[in-house]
Amino acid sequence: MFFYFECKTCKKVSDLFTQGERPAEVPKCGPCTTKHGDSIVETRSVNYFTWHCKRCDHTSGLCTSSDYPTLKGARPTCPKCHQSDAVFLVKPRVAGNAHRMAKRKEVGILGKRDRDDLDLYADPDGLEQAALEEMPGGGKGKKRSLALFLDGADEHPQEVVFGPTASNALLAKSEALYQDKKRFREKYKTKYGALPDKKNPLKTELHDGTVVPLQTYKNDLSSTEKVGTTVYPKMNKSAPTVVNAAKLVDRSVQWDYRELGPNSFLRRLCSLLYVVEFNGGGDGNNPVELQAMWAGGSLFLSTNNLAFSTSLLAALKKEGSVRAFLAQVKLGGTSTGTYVTAMRNFGKEHTAKLPVYQAEFSSGKYPDYFRFKWEYVFSELQASLTLGSPDIQELVVAKSATQEGFKHWSVTSPVVAGKVYVVLPKARTKGEGDTYFTKKKIHAEELFHPILMALDGAGILSDVLPAFVGGVKTPCRTCSMVLEDASAALGTKLILPTNAFGHYWKASGMHVPNPVFPPQAQTLVFGSKKSIDDGSINIYNTEMPPSPSRDD
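Reading the values: rules and limits
Sequence order as written defines the numbering, with residues in each chain counted from 1. Where local features are concerned, this predicted model is filtered to residues with pLDDT of at least 70; where side-chain atom pairs are given and counted, the filter is 80 or more; whole-chain, interface and lining totals use all residues. To get the side-chain values, take all heavy atoms of the structure and skip hydrogens and water. To qualify as a helix, a DSSP run of H or I must reach at least 4 residues; to qualify as a strand, a run of E must reach at least 2; elements of each kind are numbered from the N terminus. Each radius of gyration is computed over the set of C-alpha atoms, and the globule rule expresses the reference value as 2.2 Å times the number of residues to the power 0.38. Note on exposure labels: buried denotes an accessible area under 20% of the residue type's maximum, exposed denotes more than 50%, and partly exposed covers the range between, all computed with a 1.4 Å probe on protein chains only. By the convention used here, residues are in contact when the closest approach between their heavy atoms is within 4.5 Å. Reported accessibility uses the Shrake-Rupley method at a 1.4 Å probe radius. Residues are deemed covered only where the shown protein chains occlude them. Counted charges follow a simple rule, with Lys and Arg positive, Asp and Glu negative, and His plus the chain ends left uncounted. A charged residue contributes its charge at one atom only: NZ of Lys, CZ of Arg, CG of Asp or CD of Glu. Note: two strands are recorded as paired if DSSP finds a minimum of 2 bridges between them. Fitting a line to C-alpha atoms yields each axis, with helices limited to the stretch in contact; the angle taken between N-to-C directions then spans 0 to 180 degrees. Here is the rule: rings of Phe, Tyr and Trp (six-membered ring for Trp) pair when centre to centre is within 6.5 Å. Planes less than 30 degrees apart are stacked, more than 60 are edge-to-face, and the remainder are tilted. Sitting over a ring, as applied to charges here, requires NZ of Lys or CZ of Arg to be within 6 Å of the ring centre and within 35 degrees of the ring normal. Side-chain atoms within 4.5 Å are what join buried Ala, Val, Leu, Ile, Met, Phe, Trp, Tyr and Cys residues into a set we call a nonpolar core. Should a side-chain nitrogen of Lys or Arg be within 4 Å of a carboxyl oxygen of Asp or Glu, the pair is scored as a salt bridge. For cavity detection a 1 Å grid was placed over the protein atoms alone, and a set of points counts as a cavity when a 1.4 Å probe fits there but cannot get out; an open set counts as a pocket when protein lies on both sides within 12 Å along at least five of seven lines, with lining residues being those that have an atom within 4 Å of a point. Grid points are joined across faces, edges and corners, and a volume is the space filled by probe spheres set on the points.

J.: Help me out: how do you make sense of the overall build of the protein chain in this one?
T.: The secondary structure content of the protein chain amounts to 18 helices and 17 strands. A compact globule built from 552 residues would reach a C-alpha radius of gyration of about 24 Å, whereas the protein chain, at 30 Å, exceeds it by more than 25%. Structurally, the protein chain occupies a C-alpha span of about 110 × 50 × 50 Å along its principal axes. Going through the 552 residues of the protein chain one by one, you find that 50% of them count as buried. Within the protein chain, counting contacts between residues at least 6 apart in sequence, those at least 24 apart form 71% of the total. Accessible surface, the protein chain: about 24700 Å² in total, of which carbon and sulfur atoms supply 52%. The protein chain carries 71 positive and 59 negative side-chain charges, and their two centres are separated by 3 Å.

Here you go:
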């Protein structure tokens, strides 16, 4: 709302002012006081609204005697496109309402610029003050005399047009975006219901499953592994170590990733990369883990197999982009492509999803759940798939020559935005001492830790632009401990795909000094419902659950 003074005798009006600028005393009219010895000046007000046409990107300020409900119902006609159906009126009185501001500032709904635009709400007079400074004839410390502008405002509402960079225009666009997101999320919840705990990836302790006690594994498994001073069971020499009870979960049960869209996108990407058979496949060429991370405006890919990682880097550069490479992945007999695949430990439910993922990466058309939260990050992720060969690079992680443990690792070159990085452990060269990693003694997500610390140290990560991790399976116990450490340091600046973890690998666990395995923790293991019902205590099936069904 604007205020102004009007002399009852000569009808002259003052400049507009806001509530915060309202003087304690009503001034006198100078000419009338001189002429008549006194003057009667009254304080008047006029409502002010900012509105925006989403069709033609036109923003206006409006002075009118109408209140918000009346004007919203009538909808002003856009003077640019001469239509009113796409006109959006900025809601007043958001300033000072903590609940309304919290909804608009919820992370994952609006990007950083849009959230910053909403800061204009912080001042109760913000819209009006900005309008006075940005309207034609106005300016910082200079206000236009608006006698003509207000003339007849009761009968004929007057408007002023704002440029696209005016703060009123930016706020209107951001508020309109918030309202669109709000309507979409409400419709999504109406169609699919609230996010159920038993399908929430971040509440796996509440998922249905069959718990196998650690003692059962001790009784049934023939091999052992000593970690510290404690002996734990394992299936055989090359298998992971069982350090906790396990929960066996049916891999065909779908989880709900509506709040973890970027993580789900990364998981889908890793699924297609994981089945590729470089150099004829086999244990020497195939990874057990393949993970991806989005952080600081770049995409990072990592595996626990150096031969696979280097082959992947060469193939991505050869094809010219991640999207072009994915199009050349040959899936069974239904597609053609340069790169052969093997499903390995993927079940039929997940195998059937891969052609769907491939088609979506090619077309850019994805299920609606990707729009529920973090849509602005999802858009950047999609764009990263088209980055060309010059922007596809290796990023080397090195151990410390003097200190043990993953907390002392470092990246050997600066990390910048707009890249696709294949993360590699530093290879051994003469004179390097112990700053290299030996084969299979480092896992995929572990390589992300020094990258996250470097980006956070540079002030690049935030709760609005956090890092996201997602991959082809639940993190193993070792990787989970490394990610948990990063999560403790970064808080809301790191979004993990699940709170679950798999079994422990002592080889990579050598980089986690003094590991602790809480007795109440449960390793998550996936398998078929039939095998679980038949009493299976499978410890090596690490397939992750498939995505939600398409909603069309």
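J.: Sorry if this is basic, but what is going on with the sheet that holds strand 17 (residues 522-527) here?
T.: Adjacent strands of a sheet form backbone hydrogen bonds with each other and so pair up, either parallel or antiparallel. Overall, mixed pairing links the three strands, which are arranged 6-9-17 in an open sheet. Bordering the open sheet on either side are strand 6 (210-212) and strand 17, each of which pairs with just one other strand. Averaged over all adjacent pairs, the angle separating strand axes in this sheet is 30°, with direction ignored.

J.: I tried to follow the packing of aromatic side chains on my own but got confused; where do I start?
T.: Two measures describe an aromatic ring pair: the distance that separates the ring centres and the angle between the ring planes. Applying the stated rule across the entire model yields 27 aromatic pairs. Taking 6.3 Å as the distance between ring centres and 40° as the angle between the ring planes, the aromatic pair formed by phenylalanine 49 and tyrosine 68 counts as tilted. One end of the pair, phenylalanine 49, is in strand 2 (residues 41-53); the other, tyrosine 68, is in helix 2 (residues 68-74), and 19 residues separate them in sequence. An identical accessibility class is assigned to phenylalanine 49 and tyrosine 68; each is buried. Seen in terms of ring centroids, phenylalanine 361 and tyrosine 366 are 6.2 Å apart; in terms of plane orientation they differ by 75°. Their pairing is edge-to-face. Looking at tyrosine 366, the relative accessible area reads 13%, which means it is buried. Lying over the aromatic face of tyrosine 257, arginine 267 brings its terminal NZ or CZ to 4.7 Å of the ring centre.

J.: Would you explain the environment of alanine 176 in this entry?
T.: Within the element layout of this structure, alanine 176 appears in helix 7 (residues 167-192). The residues contacting alanine 176, other than those within four sequence positions of it, are Lys54 and Phe88.

J.: Can you help me understand the sheet that holds strand 15 (residues 467-471) in this one?
T.: In space, the seven strands of this open sheet follow the order 13-12-14-11-10-15-16, with mixed pairing throughout. This sheet does not close on itself; its edge strands, each paired only once, are strand 13 (410-411) and strand 16 (494-495). Where helix 15 (residues 448-457) meets the sheet, it contacts strand 10 (290-295), strand 11 (298-303), strand 12 (392-398), strand 13, strand 14 (420-425), strand 15 and strand 16, and its direction lies at approximately 5° from that of strand 10.

J.: Explain the nonpolar core to me, please; I cannot follow it from the model alone.
T.: The nonpolar side chains of soluble globular proteins are, as a tendency, buried together. Counting residues in hydrophobic clusters, the biggest one holds 57 residues, and the most contacted among them are Leu299, Leu301, Phe325 and Phe361. Examining the composition of this core, we find that seven residues originate from one element, helix 9 (residues 261-274), more than from any other. Once you skip the residues sitting within four places of it in the chain, phenylalanine 361 turns out to touch Phe265, Arg268, Leu269, Leu272, Arg323, Leu326, Tyr366 and Leu385. Membership of the second largest hydrophobic core comes to 34 residues, among which are Tyr232, Ala295, Leu494 and Val512.

J.: What exactly am I supposed to notice about the pairing of strand 11 here?
T.: The side chains of a regular strand alternate, first on one face of the sheet and then on the other. The buried fraction of strand 11 amounts to six of the six residues, a majority that puts the element mostly inside the structure. The alternating pattern of strand 11 places Ser298, Phe300 and Ser302 on one face and Leu299, Leu301 and Thr303 on the opposite face, and all of these are buried. Where strand 10 and strand 11 come together, six bridges link them in antiparallel fashion. When the bridges of strand 11 are listed, tryptophan 294 appears paired with leucine 299. In sequence, strand 10 turns back onto strand 11 through a hairpin of two residues, with glycine 296 there showing a positive phi of about 60°. Pairing of strand 11 with strand 14, which is carried by three bridges, proceeds in the parallel orientation. What sits directly across from leucine 299, in strand 14, is valine 420.

J.: How should I be thinking about the pattern of salt bridges in this particular structure?
T.: A pair can form between side chains of opposite charge whenever their charged atoms are brought close. Using the criterion set out here, one finds 30 salt bridges in the structure. A salt bridge links arginine 44 to glutamate 6; the shortest N-O distance between them is 2.2 Å. Note that arginine 44 is positioned in strand 2 and glutamate 6 in strand 1 (residues 2-7), a separation of 38 residues in sequence. You can call arginine 44 partly exposed: its relative accessible area is 31%.

J.: Any chance you could explain the layout of surface pockets here in plain terms?
T.: One simple way to see leftover space: roll a probe sized like a water molecule over the atoms. The computed volume of the second largest pocket comes to approximately 400 Å³. Every residue lining the second largest pocket is counted, 24 residues in all, and those nearest its centre are Met1, Pro92, Arg93, Pro124 and Glu128. Within the residue set of the lining of the second largest pocket, elements represented by two or more residues are strand 2, helix 2 and helix 5 (126-134). Examining the composition of the lining of the second largest pocket, we find that four residues originate from one element, strand 2, more than from any other.

J.: Would you mind showing me how to read the environment of serine 60 here?
T.: Inspection of the secondary structure puts serine 60 in strand 3 (residues 58-64). As a C-alpha pair, serine 60 and glycine 209 span 149 residues in sequence and 57 Å in three-dimensional space.

J.: Is there a simple way to explain helix 15 in this structure?
T.: Turn by turn, an α-helix covers 3.6 residues, leaving residues three or four places apart pointing in a common direction. All of the buried residues along helix 15 are Phe448, His449, Pro450, Ile451, Leu452 and Leu455. Within two residues after helix 15, glycine 459 carries a phi angle of roughly 75°, on the positive side.

J.: What exactly am I supposed to notice about unusual backbone geometry here?
T.: It is generally the case that most residues other than glycine have a negative phi and that most peptide bonds are trans. Despite not being glycine, histidine 82 shows a phi value in the positive range, around 60°. Relative to the elements of secondary structure, histidine 82 occurs in the loop between helix 2 and strand 4 (87-89). Here tryptophan 374, not a glycine, exhibits a phi torsion of approximately 65°, which is positive. Mapping tryptophan 374 onto the fold places it in the loop between helix 13 (354-363) and helix 14 (375-384). Looking at tryptophan 374, the relative accessible area reads 2%, which means it is buried.

J.: So what exactly am I meant to see when it comes to the pairing of strand 2 here?
T.: Direction of pairing for strand 1 relative to strand 2: antiparallel, over a ladder of six bridges. In the strand pairing of strand 2, phenylalanine 2 is matched with valine 46. Pairing of strand 2 with strand 3, which is carried by seven bridges, proceeds in the antiparallel orientation. Considered in strand 3, the bridge of threonine 50 is made with glycine 61. In this structure, the hairpin formed by strand 2 and strand 3 is closed by a connection of four residues, where aspartate 57 is found at a positive phi of approximately 60°.

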